[in-house]
Amino acid sequence: MDYFLTEQQQMIRETARQVAREKIVPVRAELDEKEEFPWEVIKACAAADLFAIWVPEAYGGLGGGILDLSICVEELSRACAGVAVSYAASALGTIPIVMFGSEEQKAKYLPDVAAGRKLGAFALTEAGAGSDAAGVQTTARLDGDHYVLNGTKQWITNGGEAETYTVIAVTDRSRGTRGASAFIVEKG
């Protein structure tokens with residue numbers, strides 16, 4: 001059913017389908033067997049502008065929305081769920097910057113994401129909290145003009161490979177889940 005997809009969405013679907021068929025299918029079993037991060041496939045996705053989908057045009061992206069992203073993830077998933085999750089996790093880690101970042105943050109981080117030069121990751125999960133934002137124990141305390149984060153995150157897709165992380169930490173426990181904040185943390 002193509003009648004409801006825009007021309008751009010149809011192009012995204014066909015491009016993702018081609019990348020999946022040509023770049024993922026031939027190596028998917030090997031990736032699973034070796035348990036390696038799929039850098040060559042990620043580079044192919046970047047070359048096909050798939051990382052530009054959710055980034056606004058002003059920062060080198062295609063300006064698409066969540067449906068555009070979902071179409072791409074669906075096509076990549078047909079070939080390999082692991083690759084698709086790594087791709088989608090980069091979006092999950094950078095969409096908070098798209099939605100709520102300052103102009104300075106968007107200009108600093110989004111062009112590299114759109115070009116596929118840098119991956120994102122979203123750090124919410126903790127041993128005692130799972131993906132439950134209300135259970136997050138990691139804290140952030142203002143110290144002068146910067147925050148000090150203290151806590152442990154785990155099971156972060158792209159965690160070892162990403163360069164930009166959106167980390168959820170509690171800044172005001174008295175406000176419950178509204179007391180949690182998102183922080184951009186760079187690798188290293």
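Summary of the structure given here.

The rules behind each value
Per chain, the residues get numbers from 1 upward, laid out in the order the sequence is written. Under the rules for a predicted model, residues below a pLDDT of 70 receive no local features and side-chain atom pairs below 80 are neither given nor counted, while totals for whole chains, interfaces and linings still include all residues. Where side-chain values are given, they derive from all heavy atoms of the structure, hydrogens and water being excluded. Stacked, tilted and edge-to-face pairs are distinguished by plane angle, under 30 degrees for stacked and over 60 for edge-to-face with tilted covering the rest, among Phe, Tyr and Trp rings (Trp via its six-membered ring) whose centres lie within 6.5 Å. Think of it in three bands: residues with accessible area under 20% of the maximum for their type are buried, residues over 50% are exposed, and the middle band is partly exposed, with areas taken using a 1.4 Å probe on protein chains only. Put simply, DSSP H or I for four residues or longer makes a helix, DSSP E for two residues or longer makes a strand, and each gets a number counted from the N terminus. Note on definitions: salt bridges are taken to be side-chain nitrogens of Lys or Arg within 4 Å of carboxyl oxygens of Asp or Glu.

Notes on the packing of aromatic side chains
Each aromatic ring pair is described using two quantities: the centre-to-centre distance and the angle formed by the ring planes. All told, the structure shown has five aromatic pairs when counted by the stated rule. Here Phe 51 and Trp 54 contribute two aromatic rings whose centre-to-centre distance is 6.1 Å and whose plane-to-plane angle is 70°, an arrangement assigned as edge-to-face. We note that Phe 51, like Trp 54, is buried. Where Trp 54 meets Tyr 87, the ring centres are 5.7 Å apart and the plane angle is 75°; that geometry is what we call edge-to-face. Note that Trp 54 is positioned in the loop between helix H3 (39-47) and helix H4 (66-79) and Tyr 87 in helix H5 (residues 81-100), a separation of 33 residues in sequence. For the residue pair Trp 54 and Tyr 87, the accessibility class agrees, reading buried in each case. Three or more aromatic residues joined by ring pairs form one cluster here, namely Phe 51, Trp 54 and Tyr 87.

Regarding the pattern of salt bridges
Tallied over the entire structure, the rule returns 10 salt bridges. The shortest N-O distance in the salt bridge between Glu 14 and Arg 13 comes to 3.6 Å. Take Glu 14: its relative accessible area is 38%, and that puts it in the partly exposed class. Looking at Arg 13, the relative accessible area reads 13%, which means it is buried.

Nothing here speaks to function; it is all geometry.
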